[in-house]
Amino acid sequence: MNRLEFRTTNRAWKTMDEICGDLSRRVLTSPRGNCPAEVTAAFLRLCVAQSCGKCVPCRIGLSELATILERIFEGNGTKEDIVLFEKTALAIKDSADCAIGFEAARLALDSLAAFKDDYMSHVEKDCCIASFDAVPCMALCPAHVDVPGYVALIGVGRYADAVRLIRKDNPLPAVCGLICEHPCETHCRRGIVDDAINIRGLKRFAIDHAGYVPAPKPAPSTGKTVAVVGGGPAGLTAAYFLTLMGHKVTIFEKRKKLGGMLRYGIPSYRLPDDYLDADINVILSLGIDVKTGVDIGTDMTMADLRAKFDSVYISIGAHAHKKLGVKGEDSKGVMSAVELLRTLGEGTKLDFKGKNVVIIGGGNVAMDATRTSIRLGAKNVTCVYRRRQKDMTALPDEIEGAIAEGAEILQLMAPVRIESDENENVTALIVQPQIIGEYDRGRPKPNSADKPEERIPCDYIIIAIGQAVDSAHFAANGMPVKWEQLQTDNAAYVPELPGVFSGGDCVFGPATVIKAIEAGKVAAANIDAYFGTHTEITADVEIPPASYLFRPATGRANMRERASYERKNDFELMEQGLSEEEAKQECSRCLRCDHYGCGSMKGGRQYKW
């Protein structure tokens, strides 16, 4: 008899791995709005299957929790069952031997606390109150763009119609085709089969191949006037839809050109001016008045606007920067990422040739500043972040791109102070090594490690730790403000100031372009309702029928970037679009959730809003 034998992978274990892989994909693509009680019950049954059976709380307790929920789903549950569920989960959480038991119980308790009304609805009404998302990609797009519709149009070569359909909900398709964070892809059901569809890539493909697509004709004039303060994505979106609704709009922009952070905060290698200007020109073609170089608070006041216009929409963005609050921060050579990117947006390039540059921060703006510094000729570029690289809020593609271009990510280092010479020029950043600790609000919190401080020699320090809102004038004129951000209700309305609305980064803080577009769309709809006109926005585009053919598992076609050794030397667009062959293949992968499954029962399409 052999003492030891090789353990070979057999078909049974391979099948189990495939089942677990499919289970993982289904969980990740699970649409938001699924019944939380049923999802919790399924989770508990999975945990029961994972239990080793050694301890009673896990072996019996988790099964009992699932049984209680199943009794409730069968219509035989009572309020006492909810109490028993909570008590049992608490007992498991406090007494289970390992994480399979106590973590399962903790999540069950969290589910009960967050969705108590859903659990009680099953007991009292024998039904769930959760709202199911029929088409995940549309539901997860903040602007609720008809994704399956324009994907189908691209698939049959109707690129101009695809752009028209996108503009029904989003007037900045060229911009979003390049820089949107594509939340629509996070729960794409195609992920059950292989991987999410490259929705953003298809949007860009449509823009690149559609040619000029004019804006639709506005509704007849209502005689109402609206002042839009701020020409960024939120302001441009509101102006576009309000004009389509028949209202007369005037945009007041502080800077020389429209675009806001799209022009003055995103470098041209990600968003060239010609893409941005293409969207802006279509919006302005509707007849919107624009007054640039006007500072509300200096050149005009809120009182002036409210007296002259029937409604005012404030979308001033978040263009101020936050400081580190460390010694030496006022030294020469210290600047914010906002200042750096704004300078570039205004057409001035700083000379970093032969210099050592340190960027502090871990978000997308920090990555923009890092990759911009490389393109400005810096000798060494180091991004300092106080957490781990995996905790950075920047998109993974942006981090990987910066590293490929030669940047160094120095993780688990917290800034302590800035050194300077006798002329107050920056000479070094002093950092304290960190150790990652317990989770705090969803992310592990760093703490000072038992290690000595370290010195990073540098000529420039760029701070990218967040942005602030310059809201002083608006606060002085009656706008409610909290932590510098303007306060509204969920309809973008400011109850304290009749006729005044607000949205975008100035309300919910620095976010994404698609969130700003959502803010402008919401504001336009509610300003229109405030006027009592309730104008509908439609696209009048016929969507191709869904195919009955199913394409088997197929790899996702991703967009590529120009080679790092080439792109790091210029500010030309670095991302290459999909080829026609790739775009057609991506379109064919769409499962058409607007037609099949719940889409056919719950109406997978909004033809108007």
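Asker: Can you lay out the nonpolar core for me, pointing to particular residues and giving the numbers?
Answerer: By size, the foremost hydrophobic cluster in this structure holds 85 residues, and its most contacted members are Tyr150, Ile154, Leu262 and Tyr313. Taken together, domain 2 (136–215 + 545–601) and domain 3 (225–318 + 469–531) each give at least three residues to this core, which thus spans both. When neighbours within four sequence positions are excluded, Ile154 is seen to be in contact with Tyr159, Ala162, Leu202, Phe205, Ala206, Lys584 and Cys587. By size, the runner-up hydrophobic cluster in this structure holds 28 residues, among which are Ala337, Leu344, Cys383 and Ile462.

Asker: Hey, could you go over the domain arrangement of the protein for me, with residue numbers and the actual values?
Answerer: Domain boundaries assigned for the protein yield domain 1 (34–125), domain 2 (136–215 + 545–601), domain 3 (225–318 + 469–531) and domain 4 (321–466). On a C-alpha basis, the centroid separation for the pair domain 1 and domain 4 is 45 Å.

Asker: Could you give me a rundown of the sheet that holds strand 8 (residues 380–384), with the residues and numbers involved?
Answerer: Spatially, 6-14-7-8-9 is the arrangement adopted by the 5 strands of the open sheet, whose pairing is parallel. Pairing within the sheet leaves two strands with one partner each, and these edge strands are strand 6 (334–336) and strand 9 (408–410). Direction aside, the axes of adjacent strands within the sheet are offset by 25° on average.

Asker: Got a sec to walk through the packing of helix 2 (residues 36–50) against helix 6 (residues 116–125)? Specific residues and values, please.
Answerer: In a packed pair of helices, the relevant descriptors are the angle between the two axes and the axis-to-axis distance. Two numbers describe how helix 2 lies on helix 6: the axes approach to 8 Å, and their chain directions differ by 95°. With respect to each other, helix 2 and helix 6 are oriented roughly perpendicular. For the pair helix 2 and helix 6, contact is made by Pro36, Ala37 and Thr40 and by Asp118, Tyr119 and His122, respectively. Classifying every residue of the contact of helix 2 with helix 6 gives 3 nonpolar, 2 polar and 1 charged.

Asker: How would you sum up helix 6? Please name residues and give values.
Answerer: Counting along an α-helix, one turn takes 3.6 residues, and residues three or four places apart therefore face a common direction. Of the residues making up helix 6, those classed as buried are Asp118, Tyr119, Met120, Ser121, His122 and Val123. Where helix 6 is buried, its residues contact helix 2, helix 3 (56–73), helix 4 (79–95) and helix 5 (99–114). Phi turns positive one or two residues past the end of helix 6, at Asp126, with a value near 55°.

Asker: Mind laying out the packing of aromatic side chains, listing which residues take part and the relevant values?
Answerer: Summed over the entire model, instances satisfying the criterion amount to 11 aromatic pairs. Centroid distance Tyr240 to Phe241: 5.1 Å. Interplanar angle 70°. Geometry classified as edge-to-face. Where Phe501 meets Tyr530, the ring centres are 5.9 Å apart and the plane angle is 75°; that geometry is what we call edge-to-face. Residue Phe501 is found in strand 18 (residues 500–502), and its partner Tyr530 is found in helix 21 (residues 513–531); the two are separated by 29 residues along the sequence. One aromatic cluster is present, formed by Tyr493, Phe501, Tyr530 and Phe531 through successive ring pairs. Of note, Arg375 hangs over the ring of Tyr269, and the distance from its end group to the ring centre comes to 3.9 Å. The ring of Trp609 carries the charged tip of Lys521 above its face, separated from the ring centre by 4.9 Å.

Criteria and thresholds
Residues numbered from 1 in each chain as written. Predicted model: local features only at pLDDT ≥ 70, side-chain atom pairs only at ≥ 80, totals over all residues. Heavy atoms only, no water. Core = buried A, V, L, I, M, F, W, Y, C linked by side-chain atoms within 4.5 Å. Buried < 20%, exposed > 50% of the residue type's maximum accessible area, 1.4 Å probe, protein only. Domains from an automatic or database assignment. Contact = heavy atoms within 4.5 Å. Pairing = 2+ DSSP bridges. Helix = DSSP H or I, 4+ residues; strand = E, 2+ residues; numbered from the N terminus. Axes fitted to C-alpha atoms, helices over the stretch in contact; angles between N-to-C directions. Parallel < 35°, antiparallel > 145°, perpendicular 65-115°, else oblique. Nonpolar A, V, L, I, M, F, W, Y, C, P; charged D, E, K, R; others polar. Phe/Tyr/Trp six-rings, centres within 6.5 Å; stacked < 30°, edge-to-face > 60°. Lys NZ or Arg CZ within 6 Å of the ring centre and 35° of its normal.

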